[in-house]
Amino acid sequence: MLPFDGYVMPLEDVPDAVFSSKMMGDGFAIEPTNNTLVSPINGEVVSIFPTKHAIGLKTDEGLEILIHVGIETVALKGQGFTCLVEDGQKIKQGTPLLKLELDYIKENAKSIITPVIFTNSPKETKVELNKTGYFNQG
């Protein structure tokens, strides 16, 4: 399940070397076109960054996922983001996690491209996208 409506792309296309070089793990990215981030998994919220620009999730099976909304969005200090969940909260696919002011973020951050990183997958695990382009949430 995708966390946003938007344009899916390989992680290598993210305009930030920390993500595109896969320093934090493999994954993919999405350029969102709607303003509500929903959970792509059944599991738990394990961390919400104080600036609300990133959220850590853990599946019921133990896979850890970091969703980092935009590039250089930490500098927004939480402005443009409304958190809809709490640390430790159990979630299901489709649970709304964050509400975004996309226009504000587009105007004030480097990019709205959102990396989705699998932070605890084995090093030899590779994420391969079968398709890129525009997809709806779900």
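Refer to the structure above for everything that follows.
Let me sum up the structure you'll find in this document.

### Examining the overall build of the protein
Reasoning step 1: Along the backbone of the protein there are 2 helices and 11 strands.
Reasoning step 2: Counting helices and strands in the order they occur from the N terminus, the protein gives β-α-β-β-β-β-β-β-β-β-α-β-β.
Reasoning step 3: Its C-alpha radius of gyration of 14 Å places the protein within 12% of the 14 Å reference for a compact globule of 138 residues.
Reasoning step 4: Summarising its shape, the C-alpha atoms of the protein cover approximately 35 × 30 × 25 Å along the three principal directions.
Reasoning step 5: A separation threshold of at least 6 residues defines the contact pool for the protein, and within that pool the share at least 24 residues apart is 70%.
Reasoning step 6: Within the protein, the 18 negative side-chain charges are centred at a point lying 1 Å from the centre of the 12 positive side-chain charges.

### As for the environment of E86
Reasoning step 1: Examined against the element boundaries, E86 turns out to sit in the loop between β7 (81-83) and β8 (90-91).
Reasoning step 2: E86 gets classed as exposed once you look at its relative accessible area, which sits at 58%.
Reasoning step 3: Once the C-alpha coordinates of E86 and V14 are considered, the two residues, 72 residues apart in sequence, prove to be 28 Å apart.
Reasoning step 4: In this view, E86 contacts V45 and I48; residues no more than four positions away in its chain are not counted.

### Quick word on the packing of aromatic side chains
Reasoning step 1: According to the stated counting rule, one finds 2 aromatic pairs in the structure shown.
Reasoning step 2: For the ring pair Y7 and Y134, a centre distance of 5.1 Å and an interplane angle of 65° mean the geometry is edge-to-face. Here Y7 is found in strand β1 (residues 6-10), whereas its partner Y134 is found in strand β11 (residues 133-135), with 127 residues between them in sequence.
Reasoning step 3: The class of Y134 is partly exposed, set by a relative accessible area of 40%.

### Concerning the side chain of H68
Reasoning step 1: Considering the arrangement of structural elements, one finds H68 in strand β6 (residues 64-68).
Reasoning step 2: A polar side-chain atom of H68 sits 2.8 Å from the main-chain carbonyl oxygen of G70.
Reasoning step 3: Beyond its immediate stretch of four places on either side in the chain, H68 contacts F19, H53, A54, T73, I113, T114 and P115.

What counts and what doesn't
Residues numbered from 1 in each chain as written. Predicted model: local features only at pLDDT ≥ 70, side-chain atom pairs only at ≥ 80, totals over all residues. Heavy atoms only, no water. Helix = DSSP H or I, 4+ residues; strand = E, 2+ residues; numbered from the N terminus. Rg over C-alpha atoms; globule rule 2.2 N^0.38 Å. Contact = heavy atoms within 4.5 Å. Lys, Arg positive; Asp, Glu negative; His and termini not counted. Charge placed at Lys NZ, Arg CZ, Asp CG, Glu CD. Buried < 20%, exposed > 50% of the residue type's maximum accessible area, 1.4 Å probe, protein only. Phe/Tyr/Trp six-rings, centres within 6.5 Å; stacked < 30°, edge-to-face > 60°. Polar contact = N/O pair within 3.5 Å; in protein donor to acceptor, adjacent residues only side chain to side chain.

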